[in-house]
Amino acid sequence: MSDQAPHAGAGTASTDEQARVAEFEARIARGESIEPKDWMPERYRRQLTRMMSQHAHSEIVGMLPEGNWITRAPSLRRKLALLAKVQDEAGHGLYIYCGTETLGTDRQELVQQLLDGTAKYSSIFNYPTLTWADIGCIGWFVDGAAIVNQTMLAHASYGPYARAMVRICKEENFHKRQGYEIMATLAGGTPAQRAMAQDAVNRWWWPSLMMFGPHDKDSSNSDELMRWGVKRKSNDELRQRFVNLTVAQAKAVDLTLPDPDLRYNEETENWEFGAIDWDEFWRVVKGDGPCNRERLAARRTAHEDGAWVRRAAAAYAAKRAPMSEAAD
Ligand code: FAQ
């Protein structure tokens, strides 16, 4: 009897665990939202922490390519809009870091992973912003792609993430509009301005399609994330939706998407597109894109420059703490 006891105990524990997972999945199937204090499988927690922290890092690193043009915006009006947009991205990053903390990982730890180069962030932010038209193109394509992706994430099963997406998408809509308006103005401008706009479209189109991640068959996380209602649509479905929306927008401002294979399929009602260069995608994801080193160096410098602020905040918090805590 005593020989069997540990075995029976372990069996009960795993049956308990299975029952909890079943109840958790039933809640998701009923469309309930999972909240921070609710029980969740460890794997769900880890997957969300991974995805949300990568997203937060992307917002923060994403400030760099556009921040590069704040001092060179062509008018006061453009400068105001760009300043506001870049500040919004900082807000999104902080908001999503807070959301990630509700899963039990401290923000310092997440930021350290970014600075150490062990965390991922979106491939798109490793491309350079060479001209003013790149700022228009980022708003149009990059924020446009983010909206397509994040509108779905606003229905994600994890409450804090879904709610963050609702607010963030509202701001991304303004970002996209200001970008598209820059492109429309340039496209209707002098021949040199038109050429600058077309050149930006040529350079940003394919990297923007890569933002949605690898094809579904190569997406290692999708099955699990879809089963748990974190992702509501697959990488390929969202990429297709982005292409379908953007083709008409490009036509409206008479700019050409750089894809000779782009054609409308009457049956599926989709715009079919050419092959994506996945070698380039993985090179950039693995750290060897045009600006990966520059981006990380900029983040490290910013972190070091901000050390005095963190020290001051800690000293102030210690000063305000009750005496007993201060004595500890
Ligand atoms: N870049 O199995 P999957 C923005 C990685 S915010 C780098 O398909 P998953 C706003 C992926 O992490 C833009 N890595 O992965 C803005 C995984 O690696 P791991 C960011 C990528 O998670 C605008 C591996 O490949 N948005 O733009 C990329 O199911 C302007 C296998 O991939 C979000 O983060 C990539 N593009 O699907 C800010 C949205 N794609 O971790 C400033 C939330 C894939 O297993 C200025 N995230 N990888 O080692 C998501 O929707 C998903 O995480 C995906 C990837 C769709 C990005």
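Refer to the structure above for everything that follows.
Residues numbered from 1 in each chain as written. Predicted model: local features only at pLDDT ≥ 70, side-chain atom pairs only at ≥ 80, totals over all residues. Heavy atoms only, no water.

Draft legend 1. Looking closely at the layout of surface pockets. By volume, the second largest pocket is sized at about 330 Å³. Within the residue set of the lining of the second largest pocket, elements represented by two or more residues are α4 (76-101), α5 (107-116) and α12 (292-305). With 4 residues, the single largest contributor to the lining of the second largest pocket is α5. Along the lines of polarity and charge, the residues of the lining of the second largest pocket split into 7 nonpolar, 3 polar and 3 charged. (1 Å grid on protein atoms, 1.4 Å probe; cavity = no way out; pocket = protein on both sides within 12 Å on 5 of 7 lines; lining within 4 Å. Points joined across faces, edges and corners; volume = space filled by probe spheres on them. Helix = DSSP H or I, 4+ residues; strand = E, 2+ residues; numbered from the N terminus. Nonpolar A, V, L, I, M, F, W, Y, C, P; charged D, E, K, R; others polar.)

Draft legend 2. Highlighting the site of the ligand. Around the ligand, the surrounding shell holds 38 residues, and the nearest of these are Gln54, Lys120, Ser123, Ser219 and Lys231. Note that an oxygen atom of the ligand is positioned 2.9 Å from one of the side-chain N or O atoms of Arg50. Between an oxygen atom of the ligand and a main-chain N or O atom of Ser220, the distance comes to 3.1 Å. Protein burial of the ligand: of its 1,100 Å² of free accessible surface, 91% is covered by the chains. (Near = heavy atom within 4 Å. Polar contact = N/O pair within 3.5 Å; in protein donor to acceptor, adjacent residues only side chain to side chain. Areas by Shrake-Rupley, 256 points an atom, 1.4 Å probe, with all protein chains shown as cover.)

Draft legend 3. View of the packing of α5 against α12. At a minimum axis distance of 9 Å, the contact between α5 and α12 shows a crossing angle of 135°. With respect to α12, the element α5 is oriented oblique. Taken together, the residues of α12 that come into contact with α5 (itself represented by Val111, Leu114, Leu115 and Asp116) are Leu296, Arg299, Arg300 and His303. A class-by-class count of the residues in the contact of α5 with α12 yields 4 nonpolar, 1 polar and 3 charged. (Axes fitted to C-alpha atoms, helices over the stretch in contact; angles between N-to-C directions. Parallel < 35°, antiparallel > 145°, perpendicular 65-115°, else oblique. Contact = heavy atoms within 4.5 Å.)

Draft legend 4. Examining the pattern of salt bridges more closely. Summed over the entire model, instances satisfying the criterion amount to 20 salt bridges. The partner of Arg30 in a salt bridge is Glu32, with the nearest N and O atoms 2.8 Å apart. By relative accessible area, which is 51% here, Arg30 ends up exposed. With a shortest N-O distance of 3.1 Å, Glu181 and Arg77 are connected by a salt bridge. Of this pair, Glu181 sits in helix α7 (residues 159-187) while Arg77 sits in helix α4, and the two are 104 residues apart along the sequence. The class for Glu181 is partly exposed, based on a relative accessible area of 33%. Via salt bridges that share partners, Glu23, Arg27, Arg30, Glu32 and Asp38 belong to a single interconnected network. (Salt bridge = Lys/Arg side-chain N within 4 Å of Asp/Glu carboxyl O. Buried < 20%, exposed > 50% of the residue type's maximum accessible area, 1.4 Å probe, protein only.)

Draft legend 5. Broad picture of helix α11 (residues 278-285). Looking only at α11, the buried set comprises Trp278, Phe281 and Val284. Projection of α11 onto a plane perpendicular to its axis shows the buried side chains occupying an angular sector of 125°, all on one side. Packing partners of the buried residues in α11 comprise α8 (191-210), α10 (235-252) and α12. Phi turns positive, to about 110°, at Gly287, one or two residues after α11. (Arc of directions from axis to C-beta.)

Draft legend 6. Layout of the environment of Arg77. Residue class for Arg77 comes out exposed when judged on its relative accessible area of 52%. Along the sequence, Arg77 and Gly179 sit 102 residues apart, while their C-alpha atoms lie 13 Å from each other. A polar contact is formed between the side chain of Arg77 and the side chain of Glu181, at a distance of 3.1 Å.

Draft legend 7. Region of interest: the nonpolar core. In this structure, Tyr44, Phe141, Tyr158, Tyr161 and Trp204 are the most contacted members of the largest nonpolar core, which totals 74 residues. Of the residues forming this core, the biggest block, 11 residues, is contributed by helix α6 (residues 132-153). Sequence-distant contacts of Trp204, that is, excluding residues within four places in its chain, are made with Ile124, Tyr127, Pro128, Thr129, Asp134, Cys137, Ile138, Phe141 and Val142. (Core = buried A, V, L, I, M, F, W, Y, C linked by side-chain atoms within 4.5 Å.)

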